[in-house]
Amino acid sequence: MNTTEQTKWYLISETHLFPEREGKRVHFKDYDIAVFNLGNGRFRAIDNTCPHKQGPLADGIVAGENVFCPLHALKIDLGSGCAVEANGKVRSYPVQVYNAKVYVAFDEGE
Ligand code: FES
């Protein structure tokens, strides 16, 4: 994912508050995102709302680099936000971990 001049990084939380291989819903400004701790300092962030029928993706099952929606099991790539072997996409956000804190980038130009 590319960042632009209008992209700003925001501290979301501390890493220890995200259980490994699970998602957690985060509200920040007007954003409702799902942040996933994939282990070994790897985090991903996508919009929390499933493109199928608005299932809460933060409550989904993590498998590899994907999450399965808890309602009807749509498989979504956590890097791109794209549905796997199906139509649909959610927005994905850049994530950085620094000093045991999780930062997510949002585009201020939107
Ligand atoms: S609401 Fe997510 S798969 Fe149906």
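Residues numbered from 1 in each chain as written. Predicted model: local features only at pLDDT ≥ 70, side-chain atom pairs only at ≥ 80, totals over all residues.

**Q** It is not clear to me how the overall build of the chain should be interpreted in this structure. Could you clarify?
**A** Per the secondary structure count, the chain includes zero helices and ten strands. Ordering the α and β elements of the chain from the N terminus gives β-β-β-β-β-β-β-β-β-β. Expected size for 110 residues packed as a compact globule is a radius of gyration near 13 Å; at 13 Å, the chain falls within 12% of this value. The principal-axis extents of the C-alpha atoms in the chain amount to approximately 35 × 30 × 20 Å. Taken across its 110 residues, the chain has 25% of its residues classed as buried. (Helix = DSSP H or I, 4+ residues; strand = E, 2+ residues; numbered from the N terminus. Rg over C-alpha atoms; globule rule 2.2 N^0.38 Å. Buried ≥ 20, exposed ≤ 12 C-beta atoms within 10 Å, placed from the backbone.)

**Q** Explanation requested: the sheet that holds strand β4 (residues 42-47) in the structure shown.
**A** What links the strands of a sheet is backbone hydrogen bonding, and the strands pair in either a parallel or an antiparallel sense. Reading across the sheet, the four strands line up as β2-β3-β4-β8 and stay open at both edges, with antiparallel pairing between neighbours. In this open sheet, the two strands that pair with only one neighbour each are β2 (22-28) and β8 (92-93). Bridge count for β4 against β8 is two bridges, and the pairing is antiparallel. Bridge pairing links Ala 45 to Tyr 93 in β8. (Pairing = 2+ DSSP bridges.)

**Q** Looking at this structure, how should I read the environment of Cys 69?
**A** On the secondary structure map, Cys 69 appears in the loop between β6 (66-68) and β7 (75-77). It is 9.9 Å that separates the C-alpha atoms of Cys 69 and Lys 53, two residues lying 16 residues apart in sequence. Apart from the residues lying within four places of it in its own chain, the contact partners of Cys 69 are Cys 50, His 52, Gly 55, Leu 57, Gly 60, Leu 74 and Ile 76. (Contact = placed C-beta atoms within 7 Å.)

**Q** Help me out: how do you make sense of the nonpolar core in this one?
**A** One recurring pattern in soluble globular proteins: nonpolar side chains tend to sit buried together. Core analysis: the biggest nonpolar cluster contains 22 residues, and Val 35, Ile 46, Leu 57, Ile 76 and Val 104 have the highest contact counts within it. Counting residues per element, the ones that place at least two in this core are β3 (31-39), β4 and β10 (101-107). Residues contacting Ile 76, with those up to four places away along its chain left out, are Ile 46, Leu 57, Asn 66, Val 67, Cys 69, Gly 81, Ala 83, Val 84 and Val 90. (Core = buried A, V, L, I, M, F, W, Y, C linked by C-beta atoms within 7 Å.)

**Q** Would you mind going over the pairing of β2 with me for this structure?
**A** Consecutive side chains along a regular strand alternate between the two faces of the sheet. Here β2 pairs with β3 via seven bridges, running antiparallel. Bridge pairing in β3 places Gly 23 opposite Phe 36. The antiparallel pairing of β2 with β3 creates a hairpin that spans two residues between the two strands, and Lys 29 there sits at a positive phi of about 50°.

Treat this as a map of the structure, not an account of what it does.
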